Amino acid sequence: MELQKMSSKQEFHPVNQDDDMPNVRIAGENSTKPGCCGYFLLFVSWILFVFTLPFSLCFCIKVVQEYERAVIFRLGLLLPGGAKGPGIFFVLPCIDTYQKVDLRTVTFDVPPQEILSKDSVTVAVDAVVYYRITNPTISITNVEDAQRSTRLLAQTTLRNVLGTKTLQELLSDRESVSNQMQTALDEATDPWGIKVERVEIKDVRLPVQLQRAMAAEAEAAREARAKVIAAEGEQNASRALKEAADVISQSPSALQLRYLQTLNTISAEKNSTIIFPLPIDLISSIVNNQGTTTKM
C-alpha cells in the first residue's frame, strides 16, 4: 500500500528549470483542486471517451515534434507532470486544452532605434537577438506572450544600454556592448523561461552632417601624416646626399666615374639630345682669368 501511495504522487519536473526559478506553479504544491463539479466532469469525459471508441482516439491522441512540447491544462489547472513530448500524448475531450511550445532558437531583428549617446550624438542602431525557450511551462503560465514580450524588452534594453555609451565606444567596442545587452536581457527574461543566447549590433547609422565632419577629419589626419612622412623622406635623402658628397670629395676620380655613368644612362635611353655637364671648378677658373685680364 505504501508503494502504491508513493507511485500515485506526481511531481512536476519542467524542462531545464533551475531550482531557484521564481513564480513557478508546481502541481504538487497547489492547494486548488477541481472539486466535486470537476470530478463529475472528469467522470463524464471518461465515459464519453469510452463510449465513442475508437472514434474518440482521433481527437484524444495528439503528437508533438522533437523540437516541441505541449503544456496541458485540465479544467483550467496545470496538469501534473510538466510539459508533454516529444511524441504521443493523451488529452480528454471537452475538459483538456493544450498549447504547443517551440524550443528551437528564434531570431528576430530589433527595429532601428533613435538613441542619444552619452556624448549627445543622435544615432540610429539596430540589432539582432537569438533566444530560445528553455521552460515551456513557465513561458505559458508566467507571461501572456513570451515572444512578443521578449521583442519589446529587447528594444527598451537596446536604448537603455546604448544610452550610457559614447559614440566612440559604439563604433569601436561593439562586442562589449553586445555582451552587456545579452546579460541584461537574459536576466530579465529568466522568469519567463527564455534563454537569450546572443545579441549582435548590426549597424550604427550616423547623421549625414556628422559623417561629412568625420570624413573631413580623417582626410585632414591622413594629409598631416603624409606631409610628416614626406618631410622625413627629404631629411633622410639629404643625409644620404651629404654622405655621398663626402665620399666623392675624398676621391676626385670618383666624380669622373659618376660622370661617365651618367652619360651611359642617358645614351641607353636613345635620346636625341645629350647634355654634357661641365665641372664648376673649370667655369670658376675661366671667370677668374677674365677678371684678371680686365684689371690689367
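Anyway, here's the lowdown on the structure attached to this text. Keep in mind the model is a prediction, meaning the values are calculated, not measured.

### Focus on the overall build of the chain
Each helix and strand counted, the chain has ten helices and eight strands in total. Here the chain holds 296 residues, and 26% of them are scored as buried. Contacts in the chain between residues at least 24 apart in sequence constitute 67% of all its contacts with a sequence separation of at least 6. Here the chain displays about 20400 Å² of accessible surface, and carbon together with sulfur accounts for 56% of that area.

### Describing helix α5 (residues 146–162)
Given 3.6 residues to a turn, an α-helix orients residues that are three or four positions apart in the same direction. Given a rise of 1.5 Å per residue, 17 residues ought to cover 24 Å, and the 24 Å separating the end C-alpha atoms of α5 matches this to within 8%. Residues of α5 that are buried: A146, T150, A154, Q155, T157, L158, V161 and L162. The secondary structure elements touched by the buried residues of α5 are β6 (106–116), β7 (122–133), α4 (136–141), α6 (167–172), α7 (174–189) and β8 (194–205).

### Focus: the nonpolar core
Counting residues in each nonpolar core, the largest one holds 35 residues, and the members touching the most others are V110, V123, V125, V129, Y131, L158 and L162. Listing elements by their share of this core, those giving two or more residues are β2 (68–74), β6, β7, α5, α6, α7 and β8. With six residues, β7 is the single largest residue contributor to this core. Setting aside chain neighbours within four positions, we find V110 in contact with D126, A127, V129, A154, Q155 and L158. Of all hydrophobic cores here, the second largest spans six residues; its members include V64, A70, I72 and V91.

### A look at the sheet that holds β2
Pairing within the open sheet is antiparallel, and its three strands lie in the order β3-β2-β5. For this open sheet the edge positions go to β3 (77–78) and β5 (96–102), each flanked by a neighbour on one side alone. In this structure, β2 lies alongside β5, joined through seven bridges in antiparallel fashion. Following the sheet pairing, E68 is matched in β5 by D102.

### Considerations on the packing of α5 against α7
Contact geometry for α5 and α7: axes closest at 10 Å, N-to-C directions at 135 degrees. Here α5 is positioned oblique relative to α7, judged by the angle of their axes. At the point where α5 passes α7, the crossing takes the right-handed sense. Two secondary-structure elements touch here, α5 through T150, L153, A154, T157, L158, V161 and L162 and α7 through V177, Q180, M181, A184, L185, A188 and T189. Here the residues of the contact of α5 with α7 sort into ten nonpolar, four polar and no charged.

### Focus on the side chain of T150
Considering the arrangement of structural elements, one finds T150 in helix α5. Excluding residues that lie within four positions of it along the chain, T150 makes contacts with F108, Y131, T189, W192 and I194.

### What about the pattern of salt bridges?
Pairing between side chains of opposite charge can happen when the charged atoms of each approach one another. Scanning the entire structure with this criterion turns up eight salt bridges. Of the charged contacts in the structure, one is a salt bridge between E200 and R198, with a shortest N-O distance of 2.7 Å. The partly exposed category is assigned to E200, whose relative accessible area is 28%. Accessibility expressed as a relative area gives 48% for R198, which makes it partly exposed. Through salt bridges with shared partners, one network takes in D126, D203 and R205.

What counts and what doesn't
Residues numbered from 1 in each chain as written. Predicted model: local features only at pLDDT ≥ 70, side-chain atom pairs only at ≥ 80, totals over all residues. Heavy atoms only, no water. Helix = DSSP H or I, 4+ residues; strand = E, 2+ residues; numbered from the N terminus. Buried < 20%, exposed > 50% of the residue type's maximum accessible area, 1.4 Å probe, protein only. Contact = heavy atoms within 4.5 Å. Areas by Shrake-Rupley, 256 points an atom, 1.4 Å probe, with all protein chains shown as cover. Expected span 1.5 Å × (residues − 1). Core = buried A, V, L, I, M, F, W, Y, C linked by side-chain atoms within 4.5 Å. Pairing = 2+ DSSP bridges. Axes fitted to C-alpha atoms, helices over the stretch in contact; angles between N-to-C directions. Parallel < 35°, antiparallel > 145°, perpendicular 65-115°, else oblique. Left-handed = near helix turned anticlockwise from the far one by under 90°. Nonpolar A, V, L, I, M, F, W, Y, C, P; charged D, E, K, R; others polar. Salt bridge = Lys/Arg side-chain N within 4 Å of Asp/Glu carboxyl O.

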